[in-house]
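Each chain, written out:
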There are 2 protein chains.
Amino acid sequence: MGWFSKDIATMDDLFVHTLRDIYYAEHQIKKALPDMITKATSPELKAGFQTHLRETEEHIQRLKQVFRQHGVEEKGVTCPAIDGILEEANDVAGEVDDKRVLDAALIAAAQAVEHYEITRYGTLVAWAKQLGREDCAALLQANLDEEAATDKKLTELANSGINRKAA
Amino acid sequence: MGWFSKDIATMDDLFVHTLRDIYYAEHQIKKALPDMITKATSPELKAGFQTHLRETEEHIQRLKQVFRQHGVEEKGVTCPAIDGILEEANDVAGEVDDKRVLDAALIAAAQAVEHYEITRYGTLVAWAKQLGREDCAALLQANLDEEAATDKKLTELANSGINRKAA
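The following paragraphs examine the structure supplied in this document. (Residues numbered from 1 in each chain as written. Chains lettered and ligands numbered in written order. Predicted model: local features only at pLDDT ≥ 70, side-chain atom pairs only at ≥ 80, totals over all residues. Heavy atoms only, no water.)

### Points about the overall build of chain A
Stage number 1. The number of helices and strands found in chain A is five helices and zero strands.
Stage number 2. The C-alpha radius of gyration computed for chain A amounts to 17 Å, which stays within 12% of the reference 15 Å derived for 167 residues, consistent with globular compactness.
Stage number 3. Considering only C-alpha atoms, chain A reaches an extent of 50 × 35 × 20 Å along its principal axes.
Stage number 4. A burial count over chain A gives 55% of its 167 residues as buried.
Stage number 5. Residue pairs at least 24 apart in sequence account for 80% of intrachain contacts in chain A once pairs closer than 6 positions are excluded. (Helix = DSSP H or I, 4+ residues; strand = E, 2+ residues; numbered from the N terminus. Rg over C-alpha atoms; globule rule 2.2 N^0.38 Å. Buried < 20%, exposed > 50% of the residue type's maximum accessible area, 1.4 Å probe, protein only. Contact = heavy atoms within 4.5 Å.)

If you want it as C-alpha cells, here you go:
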C-alpha cells in the first residue's frame, strides 16, 4: 500500500485489499504447517495438520479463482496479523519441552490461526455479497466452512484427552 | 520468556503464560479503542466501541482476580499476535478516506480482535477446567461470553446497513 496516498477509496478496494491479505496469510500458513506436523506428537494431531495442509493448498486455488472472477491482479499484501500469530506460535512452541504440553500449545496456536481466517473469510463473504459478487462469495464461503470445521476438530482433539493427559 | 532455557514445563506453566498473553492483549486493546471511537462515523458503531471499552476494563479486573486466585504474579507478556492485528487495523484505517468505507474497515478490524480474544479465552477456559480450577474457568468464561456477544453485535452492525451504504 502507498505511504503517501489513501489507496482504499471504495468498498471494492477494501474487498480486494482484504482478499490480498488472506491470500498472503494462506501462503504463510502453508509454509508454517510442515513444522507443526513435525512437532506434533499425537498421531491424530499430526494427521489433522496434514489434512489442513492439503486444504490450505485448495484454499489458495479458490482464492486465485476469486481474483480471476473479480478481474484483479492475483497478489498478496503483507499481513502483520498472521505474521504476529505465527511468530507467537513459534515462540511458545520453542519454550515447551514436554511432548504432551507441546501438543496442547500447538492446538491453541492452530486455533488462533483458524480464528483469524474465520473472521477474514466471514468479512469477505459479507462484502462479496454486498458488492453483488455471489460467485466470489460462494468460493469464499467454501473456504470459511472448511476453516470452521478445522477449528471444531481442534476443539474435539483438545477435549479428547491430549490436554487432559498433559494436565 | 527466557532465551536459553525452556520455560514452559507443565500445563500449569502454559496456562499462566497464556493468561499473561491475553492480559497484555486486553491492555493493548484498551489503548487502541479510544482511537477507534474517534474514527467511527456511525453513532451505533461509536456507541458499540464505547461499550466495549468499558467491558475491556472489566475483563482486565477479572483477569487480575484469576491471577490472585491462581496465586501467580499479575503481569503481561508481549503478544506479537495482538500487536500484529492492531498494527494491521491501524495501517488499513490510515488508507481509507470515505467515512462509510472506514466504518466497514473498523468493524472488520474489531472482529479480528474479538476472534483473537475468543480463541484465547476458549483455550484458557478448557485448560482451567483440566487443571481443576473451576473458579478461574468461571471468570474466563464470563470474558469469553462478552467477547462472543460483541462479535455478534459487530456482525449485526455490518449487515444492518453500514457496509451496504458504503457498497
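There's more to say after this.
### Let's talk about the packing of helix α1 (residues 11–39) of chain A against helix α4 (residues 99–130) of chain A
Residues and elements named next belong to chain A.
Stage number 1. One can describe the packing of α1 onto α4 by two numbers: an axis separation of 10 Å at closest approach and a directional angle of 160°. Considered as vectors, α1 and α4 are oriented roughly antiparallel to each other. Handedness of the α1/α4 crossing: left-handed.
Stage number 2. Looking at the contact of α1 with α4 residue by residue, the class counts come to 18 nonpolar, two polar and six charged. (Axes fitted to C-alpha atoms, helices over the stretch in contact; angles between N-to-C directions. Parallel < 35°, antiparallel > 145°, perpendicular 65-115°, else oblique. Left-handed = near helix turned anticlockwise from the far one by under 90°. Nonpolar A, V, L, I, M, F, W, Y, C, P; charged D, E, K, R; others polar.)

### Describing the pattern of salt bridges
Stage number 1. Using the criterion set out here, one finds 16 salt bridges over all chains in the structure.
Stage number 2. Close ionic contact of Asp 35 of chain A with Lys 39 of chain A constitutes a salt bridge, the shortest N to O distance being 3.0 Å. Residue Asp 35 of chain A and its partner Lys 39 of chain A are located together in helix α1, separated by four residues, close to a single helical turn.
Stage number 3. In this structure, the salt-bridge partner of Asp 21 of chain B is Arg 120 of chain B, at a minimum N-O distance of 3.7 Å. Highlighted residues: Asp 21 of chain B in helix α1 (residues 11–39) and Arg 120 of chain B in helix α4 (residues 99–130), separated in sequence by 99 residues.
Stage number 4. A single salt-bridge network, built from bridges that share partners, covers Asp 21 and Arg 120 of chain A together with Glu 88 of chain B. (Salt bridge = Lys/Arg side-chain N within 4 Å of Asp/Glu carboxyl O.)

### Observations regarding the packing of aromatic side chains
Residue and element names in this part refer to chain A.
Stage number 1. In total, this model carries two aromatic pairs over all chains according to the counting rule given.
Stage number 2. Taking 5.1 Å as the distance between ring centres and 85° as the angle between the ring planes, the aromatic pair formed by Tyr 23 and Phe 67 counts as edge-to-face. Residue Tyr 23 is located in helix α1, and its partner Phe 67 is located in helix α2 (residues 43–70); the two are separated by 44 residues in the primary sequence. The pair Tyr 23 / Phe 67 is uniform in exposure class, with both members buried. (Phe/Tyr/Trp six-rings, centres within 6.5 Å; stacked < 30°, edge-to-face > 60°.)

### A few points about helix α2 (residues 43–70) of chain B
Stage number 1. Between its first and last C-alpha, α2 of chain B extends 40 Å over 28 residues, near the 40 Å set by a 1.5 Å rise per residue.
Stage number 2. One or two residues past the end of α2 of chain B sits Gly 71 of chain B, with phi positive at roughly 70°. (Expected span 1.5 Å × (residues − 1).)

### Structural notes on the interface of chain B and chain A
Stage number 1. Taken together, the contacts link 48 residues of chain B with 48 residues of chain A.
Stage number 2. Between chain B and chain A, roughly 3,800 Å² of surface is buried when both sides are summed, and carbon and sulfur atoms account for 59% of that area.
Stage number 3. Summed over the three residues of chain B that lose the most area to chain A, namely Glu 88, Glu 95 and Gln 130 of chain B, the buried surface amounts to 19% of that side.
Stage number 4. Linking chain B to chain A there are two salt bridges.
Stage number 5. Here Glu 88 of chain B and Arg 120 of chain A are joined by a salt bridge, their closest N and O atoms 3.2 Å apart.
Stage number 6. Applying the counting rule to chain B against chain A returns 13 residue pairs in polar contact (both at pLDDT 80 or more). (Buried area = accessible area lost by both parts, 1.4 Å probe. Polar contact = N/O pair within 3.5 Å; in protein donor to acceptor, adjacent residues only side chain to side chain.)

### Some details on α4 of chain A
In an α-helix, one full turn covers 3.6 residues, which means residues spaced three or four apart are oriented alike.
Residue and element names in this part refer to chain A.
Stage number 1. Relative to the 46 Å expected for 32 residues at 1.5 Å per residue, α4 spans 47 Å between its end C-alpha atoms, a close match to the ideal helical length.
Stage number 2. In terms of burial, α4 is largely enclosed, as 27 of its 32 residues are buried.
Stage number 3. The N-cap of α4, judged by a side-chain oxygen 2.9 Å from the amide nitrogen of Arg 100 a few residues on, is Asp 98.
Stage number 4. Just downstream of α4 lies Gly 132, where phi reads positive at about 75°.

### Regarding the relation of the copies chain B and chain A
Stage number 1. Mapping chain B onto chain A is achieved by rotating through 180° and translating by 0.0 Å along the same axis, at an RMSD of 0.0 Å. Seen this way, the second copy is the image of the first under a two-fold rotation axis. Within chain B, Gly 84 of chain B has its C-alpha nearest the rotation axis, a separation of 2.5 Å.
Stage number 2. A share of 100% of interface residues in chain B that are also interface residues in chain A marks the association as one of identical surfaces. (Least-squares fit on C-alpha atoms with pLDDT ≥ 70 in both.)

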